[in-house]
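What follows is the residue order along each chain.
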Amino acid sequence: MPTLSIDGTEIEVAEGTTVLRACEQAGVEIPRFCFHERLSIAGNCRMCLVEQVGVPKPLASCAMPVTDGMQILTRSERVQAAREGVMEFLLVNHPLDCPICDQGGECDLQDQALYYGRVRSRYREAKRAVTDKDFGPLVKTVMTRCIHCTRCVRFMDEVAGVPELGTMGRGEDMEIVAALDGCLHSELSGNVVDLCPVGALTSKPYAFAARPWELSHTESVDVLDAAGSAIRIDSRDGRVLRVLPRVNEEINEEWIGDRSRYAIDGLAVRRLDRPWLREGGAFRPVTWEAALAAVATALQAAAPERTAALMGDLPGLEGMTALADLMRARGVASVDCRQDGGAFGPGEPASWRFNAGIAGIDRADALLLIGTNPRREAPVINARFRKRWRAAGIPVARAGPVTDLTYPVTELGAAPQVLAELAEGSHPFADVLERARYPLIVVGSGALARPDGGVVLGLARRLADTVGAAGPVWNGFSVLQRSAARAGGLELGIVPADGGLDAGGMLAAARAGGLDFVYLLGADEVDPDAFRDTFTVYQGHHADRGARYADVVLPGAAYTEQAATYVNTEGRPQQARPAHPPPGDARPDWKILVALARELGSPLPYESLDGLRSRIAAAVPHLAHIDQLPPPAPLAPFGDPDGALDAAPFEEMVPDYYRTCPISRASATMAACARAVADA
Amino acid sequence: MSGGAELFPGPDRDAAEEILGRYPTAHRQSAVLPLLDLAQRRHGGWLPPAVVDAVGDYLGMPSMRVRELVTFYSMFHDRPVGRYLVQVCRTTPCWLRGSDEVLAGAREELGIAPGETTPDGRFTLVEVECLGACADAPVVQINDDYHERLDGERMRAWLRDRRRAEDD
Ligand code: SF4
Ligand code: FES
Ligand code: FES
């Protein structure tokens, strides 16, 4: 391990460490523009220059590996002069238009010019101007501000795997361009806005919306897919203005998908902000008292066997628990959290979790995807698959429709029958998995929501045994969920009790006139038409599909407006925090249900969020261990491996990445993205 | 790899294979510059976008990476150029030795400004930076040949000759 001195302090670092990293380890800050720890080293901005004693020229610390005995100076006059010089050159062609630039206040160029630049400019000549580019509905360009660090280019090339950005020309004529005007064809494109150290790439929907110092920041968790990415919600005056990723090495590293970042304009429209009651075919606004009384009356009139409750894709543990408790207290058996009909084995956590853990992907040495398109179902997880492929060139195969996942895939076809061959061990890819030390088998939630979902589940599980993928040290059998609520509902055991109906059963019963009352908690992805003749209560935040045929609409809070716990696809509980109160008369989900229980004359055993959370912790202790992975699930077999597979091929479950939930369906930005992709 | 047959037909195929053979098979992409050069020679001295993409396909490289190279190196042209590409060096040594005069001669003879191509598509005139032959300044590069120690008159004469030869 080489030892070097930095500003006179000795430090020992690992072989291959760069001087910049060594300085960071020594607690010395080195300014930089092009360097980014998750991208390859470009060494083109020269902002990171330091002095090495005995070496005539300053060196770019980001690209220079440490050698033993190096003496580095970062505060010498020469370094200061070098930094001033670099700043001066970077600013030669920079427009200095900070007052009208959205990056102002959070701009690396602004900050570093302040700390390391000259006080006054000596430049009197003309500046170049660059034509702005059309990167689509999400990324706004002001290309005259670009300092050619190429972070955006490297991100698209390396992380996103969609090499659509590039540098054209050189020197004074260099420009960043996109392969096609109108859209970047990546679900991760918004991350270039965070990476751009200047105001060349900014958020288009957020243009001129606020200054960073006016915003309140709320650390929370994303719920627009099931990865559970760490986010920061920036809001002002009761409105979410932007969502940014936070670093969580275990899940999203520091990226988020475009839907998670940009669907937020949907939070401000089509909102249910007061209770509604249907009367004679039309909705009438009513008070909470009237609405709850109407629900209570209908619920009391309905027999428990003819009553059902269904949870959607977005509610947190608290709301689901309160609804399930309320229904069970009334003897209702038909309670289900699987609105898509997924065949997750009740009581078998391994059958709904991504057991390997998202960080476990970094160890996988062979990957099989079954009926899933991770690029659309969880872009940050797909980026991790790609990262692993780039690092180790692991073999990847897929049973499912062919799409570009940004890494090479051996296509096994979309017919599910291949699963049987794999599980038997007679398929060549079974050998690949068997030879691997950390084989990873990823089953899409869509593949389990087919009529033969139980068979798919059972065969995938058997395959894990055949190839030795499911053991106590490494469990590579992993389910990729698509909705933020599902794993939580399953951990809570929100599935029908004996004799109860599951989601499919409820719809069938309702159509046949066998259901008198149904409570939809944010369930928008089922056919609401089925409940035309059933007294339907919809509790949620958007006037989407579920509210359409409701008899009573109870306005709930969205994920940015209430404290709620979400369990991601790994089974990891995390907390969403409110950035502001819900609009109008809307209320947090659990409070509505507590009030309803009171109205029914049988109050729930908790009246506060803490009380409710203690109840959850008592029932499922690991759900109280916020941010922790759950204890490993037992390895028993599950599913129905000996059943018959359907002939129907696996299908694309997310035909439109941009619109998958009530929030994103309400978003004009997401609609614009869908149009841009369709046009391109 | 696709595109090879249409991109480098007939004997060029062998030339392309020979170039590829100079690099380790795991680093096919190292051959991109010589292959672009070969392709440019076979496509009228410039690289139409479809050809750039085809070179990318041939080497398994994203077309964006190939486009970057084409615009970076001054030897590649992403727009049509005349049969004779007249590149007049204007860097200090050549300038001190009279490159202004050489350029004026070329402008006069061809009737075009730097950056333009004659209407008959035969000559393109451009100014370039140091061609690396300063000892024999002023220097002009025309296609693959260097013309050294020029002056305005000799520049004109050479261009006139070429023109006549072309007319015949
Ligand atoms: S647009 Fe931004 S990220 Fe991209 S090269 Fe320019 S300054 Fe760097
Ligand atoms: S940070 Fe080192 S050269 Fe840009
Ligand atoms: S300056 Fe013209 S060849 Fe060098």
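Before going into details, it helps to say that this report is about the structure given with it. (Residues numbered from 1 in each chain as written. Chains lettered and ligands numbered in written order. Predicted model: local features only at pLDDT ≥ 70, side-chain atom pairs only at ≥ 80, totals over all residues. Heavy atoms only, no water.)

Of regular secondary structure, chain B possesses eight helices and four strands. Shown N-terminal to C-terminal, the secondary structure of chain B runs as helices and strands in the order α-α-α-α-α-β-α-α-β-β-β-α. When its C-alpha atoms are laid out on the principal axes, chain B stretches across 50 × 35 × 25 Å. Relative to its 168 residues, chain B shows a buried fraction of 43%. Here the contacts in chain B between residues at least 6 apart in sequence split such that 61% fall between residues at least 24 apart. Summed over its atoms, the accessible surface of chain B is roughly 8,900 Å², and 50% of this surface lies on carbon and sulfur atoms. Here chain B carries 20 positive and 28 negative side-chain charges, and the mean point of each set is 1 Å from the other. (Helix = DSSP H or I, 4+ residues; strand = E, 2+ residues; numbered from the N terminus. Buried < 20%, exposed > 50% of the residue type's maximum accessible area, 1.4 Å probe, protein only. Contact = heavy atoms within 4.5 Å. Areas by Shrake-Rupley, 256 points an atom, 1.4 Å probe, with all protein chains shown as cover. Lys, Arg positive; Asp, Glu negative; His and termini not counted. Charge placed at Lys NZ, Arg CZ, Asp CG, Glu CD.)

So, on to the overall build of chain A. Across its full length, chain A holds 21 helices and 26 strands. Over its C-alpha trace chain A gives a radius of gyration of 27 Å, about what one expects of a compact globule, namely 26 Å for 680 residues. For chain A, the spread of C-alpha atoms along the three principal axes comes to 85 × 60 × 50 Å. Split into buried and exposed, the 680 residues of chain A put 60% on the buried side. Considering only contacts in chain A between residues 6 or more positions apart, those separated by 24 or more positions represent 70%. With the model as given, the accessible surface of chain A reaches about 25,600 Å², and the carbon-plus-sulfur share is 52%. Computed over 69 positive and 88 negative side-chain charges, the inter-centroid distance for chain A is 4 Å. (Rg over C-alpha atoms; globule rule 2.2 N^0.38 Å.)

Let us now look at the site of ligand 1. Near ligand 1, the surroundings consist of 13 residues, among which A:Cys146, A:Cys149, A:Thr150, A:Cys152 and A:Cys196 are the closest. Each residue belonging to the shell around ligand 1 can be placed in one class, and the counts come to ten nonpolar, two polar and one charged. (Near = heavy atom within 4 Å. Nonpolar A, V, L, I, M, F, W, Y, C, P; charged D, E, K, R; others polar.)

Attention shifts here to the pairing of strand β22 (residues 517-521) of chain A. Residue and element names in this part refer to chain A. The buried count for β22 comes to five of five residues, which makes it a mostly enclosed element. Burial of β22 is two-sided: the residues Phe 517, Tyr 519 and Leu 521 facing one way and the residues Val 518 and Leu 520 facing the other way are all buried. Across five bridges, strand β15 (residues 307-311) lies against β22 in parallel orientation. Its bridge partner lying in β22, Thr 307 is registered against Phe 517. Pairing of β22 with strand β23 (residues 535-540), which is carried by five bridges, proceeds in the parallel orientation. Bridge pairing in β23 places Val 518 opposite Thr 536. (Pairing = 2+ DSSP bridges.)

This paragraph deals with the packing of helix α2 (residues 77-92) of chain A against helix α3 (residues 108-116) of chain A. Residues and elements named next belong to chain A. Two elements in contact, α2 and α3, have axes separated by 10 Å at closest approach and are oriented at 140 degrees. Taken together, α2 and α3 sit at an angle that is classed as oblique. Every pair of crossing elements has a handedness; the one defined by α2 and α3 is left-handed. Mapping the contact onto sequence places Arg 83, Glu 84, Met 87 and Leu 91 in α2 and Leu 109, Gln 112, Ala 113 and Tyr 116 in α3. (Axes fitted to C-alpha atoms, helices over the stretch in contact; angles between N-to-C directions. Parallel < 35°, antiparallel > 145°, perpendicular 65-115°, else oblique. Left-handed = near helix turned anticlockwise from the far one by under 90°.)

Attention now goes to the packing of aromatic side chains. In this structure the tally under the stated criterion is twelve aromatic pairs over all chains. Relative to A:Phe535, the ring of A:Phe517 lies with its centre 5.8 Å away and its plane at 20 degrees, an arrangement referred to as stacked. Taken as a pair, A:Phe517 in strand β22 and A:Phe535 in strand β23 lie far apart in primary sequence, 18 residues in all. According to the relative accessible area criterion, A:Phe517 is buried, its value standing at 0%. What makes A:Phe535 partly exposed here is its relative accessible area of 25%. Ring centres 5.2 Å apart and planes at 20 degrees place the aromatic pair B:Tyr84 and B:Phe123 in the stacked group. Remark: B:Phe123 occurs in strand β2 (residues 123-128) and B:Tyr84 occurs in strand β1 (residues 84-89); sequence separation between them is 39 residues. The class for B:Tyr84 is buried, based on a relative accessible area of 12%. With relative accessibility at 1%, the residue B:Phe123 sits in the buried group. Aromatic rings pair up to connect B:Phe72, B:Tyr73 and B:Phe76 into one cluster. In this arrangement the basic side chain of A:Arg278 is found over the ring face of A:Phe283, its NZ or CZ atom lying 4.5 Å from the centre. (Phe/Tyr/Trp six-rings, centres within 6.5 Å; stacked < 30°, edge-to-face > 60°. Lys NZ or Arg CZ within 6 Å of the ring centre and 35° of its normal.)

Once that is clear, we can look at the sheet that holds strand β14 (residues 282-285) of chain A. All names here are of chain A. Spatially, seven strands are ordered β14-β13-β24-β23-β22-β15-β16 in an open sheet, and the strand pairing comes out mixed. Edge strands, defined here as strands with exactly one partner in the open sheet, are β14 and β16 (334-336). Neighbouring strand axes in the sheet, compared pairwise and without regard to direction, differ in orientation by 15 degrees on average. With two bridges joining them, strand β13 (residues 276-279) and strand β24 (residues 552-555) adopt antiparallel strand pairing. From the neighbouring strand, Leu 277 faces β24, where its bridge partner is Val 552.

Every contact between the two is made by 13 residues of chain A and, on the other side, eight residues of chain B. Joining chain A to chain B, the criterion identifies one salt bridge. Notably, a salt bridge pairs B:Arg65 with A:Asp157, separated by 2.9 Å at the nearest N-O pair. The tally of links from chain A across to chain B stands at five residue pairs in polar contact (both at pLDDT 80 or more). Those elements giving two or more residues to the side of chain A that touches chain B turn out to be α4 (151-160), β7 (165-168) and β8 (175-178) of chain A. Top contributing element to the side of chain A that touches chain B by residue count: β7(A), with four residues. When grouped by side-chain class, the residues that make up the side of chain A that touches chain B number seven nonpolar, three polar and three charged. (Salt bridge = Lys/Arg side-chain N within 4 Å of Asp/Glu carboxyl O. Polar contact = N/O pair within 3.5 Å; in protein donor to acceptor, adjacent residues only side chain to side chain.)

Another aspect to go through is the sheet that holds strand β12 (residues 239-245) of chain A. Residue and element names in this part refer to chain A. Strand order across the open sheet formed by three strands is β10-β11-β12, with antiparallel pairing between neighbours. Bordering the open sheet on either side are β10 (216-221) and β12, each of which pairs with just one other strand. Pairwise comparison of adjacent strand axes, ignoring direction, gives a mean angle of 30 degrees for this sheet.

Residues and elements named next belong to chain A. Compared with the 20 Å implied by 1.5 Å per residue over 14 residues, the 20 Å span of helix α14 (residues 453-466) between its first and last C-alpha is a close match. Counting buried residues along α14, ten of its 14 residues qualify, which places the element largely inside the surrounding structure. On its buried face, α14 sits against β17 (366-370), α11 (418-424), α12 (428-435), β20 (439-444), α13 (445-448) and β21 (477-480). Within two residues after α14, Gly 468 carries a phi angle of roughly 70 degrees, on the positive side. (Expected span 1.5 Å × (residues − 1).)

Our focus in this paragraph is the nonpolar core. The tendency in soluble globular proteins is for nonpolar side chains to be buried side by side. Residues and elements named next belong to chain A. With 109 residues, the main nonpolar core has Leu 4, Phe 135, Phe 155, Ile 381, Phe 385, Leu 440 and Tyr 559 as its most contacted residues. No other element matches α4, which puts six residues into this core. Residues within four places of Tyr 559 in sequence aside, it is in contact with Val 221, Val 223, Leu 224, Ile 231, Ser 260, Ile 264, Leu 267, Tyr 566, Ala 576, Arg 577 and Ile 663. (Core = buried A, V, L, I, M, F, W, Y, C linked by side-chain atoms within 4.5 Å.)

Take the pattern of salt bridges next. Scanning the model with the defined rule gives 64 salt bridges over all chains in all. We note a salt bridge from A:Asp7 to A:Arg75, for which the minimum N-O separation is 3.2 Å. Here A:Asp7, found in the loop between β1 (3-6) and β2 (9-12), pairs with A:Arg75, found in the loop between β5 (71-73) and α2; they are 68 residues apart in sequence, far enough to count as distant. For A:Asp7, a relative accessible area of 23% gives the class partly exposed. Among the ionic pairs, B:Arg41 bridges to B:Asp37, the shortest N-O distance being 3.1 Å. With B:Arg41 and B:Asp37 both in helix α3 (residues 32-42) and four residues apart, this pair spans about one turn of that helix. Judged by its relative accessible area of 29%, B:Asp37 falls in the partly exposed class. Each of the salt bridges in this network shares a partner with another, and the network as a whole consists of B:Glu108, B:Glu109, B:Glu153, B:Arg156, B:Arg160 and B:Arg163.

All names here are of chain A. Scanning the model with the defined rule gives zero disulfides over all chains in all. The cysteine Cys 23 is free of any disulfide, with Cys 48 supplying the nearest cysteine sulfur at 9.5 Å. Its sulfur unpaired, Cys 183 is 7.3 Å from the next cysteine sulfur, which belongs to Cys 673. The exposure class of Cys 183 is buried, given its relative accessible area of 4%. (Disulfide = S-S within 2.5 Å.)

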